[in-house]
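# Analysis of the macromolecular model
As a plain string of letters, each chain reads:
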Amino acid sequence: MTFENTLSFAQQLDANDTLKHFREQFYFPRHNGSDAIYFCGNSLGLQPKKVEDAIHVELQTWRELAVEGYFKGTNPWLYYHEYLRGSLAKIVGAKEDEITVMNALTVNLHFMMLSFYRPTKQRYKIMMEAGAFPSDQYAVETQVKHYGFDPTDAIVEISPRAGEKILRNEDIVKAIDDNKDTLALTIFGGINYYTGQLYDIPLVTNAAQKIGAIAGWDLAHVTGNVPTQLHNWNVDFAVWCSYKYLNAGPGAVGGVFVHERHANPSTERLAGWWGNDEKIRFKMEKGFIAKSDASGWNLSTTQVFNMVALKASLELFDEAGIQNLRAKSILLTNFLEFLLQQLRYDAFEIITPANEHQRGAQLCLFFKEKGKAIHEQLMQNGIIVDYREPGVIRVAPAPLYCSFEDVYKCVKIISEVLNTN
Ligand SMILES: *Cc1c(COP(=O)(O)O)cnc(C)c1O
């Protein structure tokens, strides 16, 4: 599509947008009496309006039925995590049985590594992208230490080539081959939080498995943003959070994918009663017998109130369809890129790949100087985006609730701020 740098063109794109009505399903933070422009759904998604009612339903169940809510509530709590699987399976491209929700992202990364990082003297290394999200770095560092390895030896970090900001696929594959006798696990963030680069998940998965390693993924910035095919791509496991593009609220329950070929009771894990075969769970007997699907990794009683918003939000994803959302997202982000390219381009560099298939909603603007100050001025002008050291302002129009007019106004304000700097 050929874009035009005018408000009326942006409004025309909105008029043609079949998903535009979803915007009214969300609360926007306010700025000077009107809705702020919110391009921070990559950090915390907006609140769907239907969450409040959904919470009231569970409060009522608790109030009126108390313990019987587990079996007789509107949504019997015993199975609450199961209500989320169908929608998530569609979003990540999996069978329902391959999905569970539990705990939170970093916790789940540890639990998955306890099952799938089984280091030996020979094969013990973990590969990840250099500059991975800090929590993932800490998780990997402490896992290798836990097994008595030295992180500087056991963690292989892949960096872009000198002078480049994004990783080349062939360099990842080569690094995997270079470590083919010692690599136990690859764990990349599907989209890097700082550059916005979307990695080639099937390519890396295949390369890792070919040399005998396990391929795990942190999809925090992917799930609800870019559709995947985790089952068909034969991914071993994946974890994600639900408070970014999935709009489930701060600290909401985490999501997990375990490929069905691993979901048998003989796969090692640290267990709790919610992962036990339900038929015998309440016999309170010795001997853990895992359920034969991803929920065999659940440990604790379902955290109902931590899942209510996710359930409400996933209903919107079901209605909109992840493929439709992705199609709008590509257009929205390409429009943003087009408008940014008309600006004083020397002030910043877009470090996110220019190829729409190598990114999701987010563009990362790298400022050699004044990045932080410019971020503050944008916030004062009602543009909610975030800043990550060093020098990056992340701009992420989420297709469920952001409009083309938002994009236009946002870039106009960026332009004004740049002109005063
Ligand atoms: C957001 C994010 C996290 C946060 O982990 P929590 O355990 O939910 O706090 C971890 N890793 C990545 C890649 C993220 O983007």
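Figured I'd write up the structure that's included with this text.

About the cut-offs
Residues numbered from 1 in each chain as written. Predicted model: local features only at pLDDT ≥ 70, side-chain atom pairs only at ≥ 80, totals over all residues. Heavy atoms only, no water. Core = buried A, V, L, I, M, F, W, Y, C linked by side-chain atoms within 4.5 Å. Buried < 20%, exposed > 50% of the residue type's maximum accessible area, 1.4 Å probe, protein only. Helix = DSSP H or I, 4+ residues; strand = E, 2+ residues; numbered from the N terminus. Domains from an automatic or database assignment. Contact = heavy atoms within 4.5 Å. Pairing = 2+ DSSP bridges. Right-handed = clockwise from strand over helix to strand, strands pointing away. Salt bridge = Lys/Arg side-chain N within 4 Å of Asp/Glu carboxyl O. Polar contact = N/O pair within 3.5 Å; in protein donor to acceptor, adjacent residues only side chain to side chain.

### Topic: the nonpolar core
In this structure, Trp217, Trp240, Phe335 and Leu340 are the most contacted members of the largest nonpolar core, which totals 103 residues. Examining the composition of this core, we find that 9 residues originate from one element, helix α14 (residues 404-419), more than from any other. Both domains that meet at this core, namely domain 1 (7-35 + 321-419) and domain 2 (55-317), each give it at least three residues. Once residues lying within four places of it in the same chain are set aside, the contact partners of leucine 340 are Tyr345, Phe348, Ile350, Leu363, Leu365, Val411 and Ile414. Judged by nonpolar contacts, the second largest core, of 30 residues, contains Ile126, Met128, Ala154 and Ala263.

### Topic: the pairing of strand β10 (residues 214-218)
The buried fraction of β10 amounts to 5 of the 5 residues, a majority that puts the element mostly inside the structure. In this structure, strand β9 (residues 183-189) lies alongside β10, joined through 5 bridges in parallel fashion. Each bridged residue has a counterpart across the sheet, and for threonine 186 the counterpart in β10 is alanine 215. Once you follow β9 into helix α9 (residues 201-210) and on to β10, the crossover reads as right-handed. Where β10 lies against strand β11 (residues 237-240), 3 bridges are found, and the strand directions are parallel. Across the sheet, residue aspartate 218 finds its bridge partner in β11, namely valine 239.

### So, the pattern of salt bridges
Evaluation of the coordinates by the stated rule reveals 24 salt bridges. For the salt bridge of lysine 291 with glutamate 278, the shortest nitrogen-to-oxygen distance reads 3.0 Å. With a gap of 13 residues between them, lysine 291 in the loop between α10 (278-281) and α11 (308-320) and glutamate 278 in helix α10 connect regions that are remote in the sequence. Note that lysine 412 and glutamate 416 form a salt bridge whose closest N and O atoms lie 3.9 Å from each other. Separated by 4 residues within a single helix, lysine 412 and glutamate 416 lie in helix α14, roughly one turn from each other. Members of the salt-bridge network, linked through shared partners, are Arg161, Glu164, Arg168, Glu170 and Asp171.

### Observations concerning the side chain of glutamine 197
Inspection of the secondary structure assignment puts glutamine 197 in the loop between β9 and α9. There is a polar contact of 2.7 Å between the side chain of glutamine 197 and the backbone oxygen of leucine 167. Ignoring anything within four residues of it in the chain, the contact list for glutamine 197 reads Ile166, Leu167, Gly190, Ile191, Asn192, Pro353 and Gln358.

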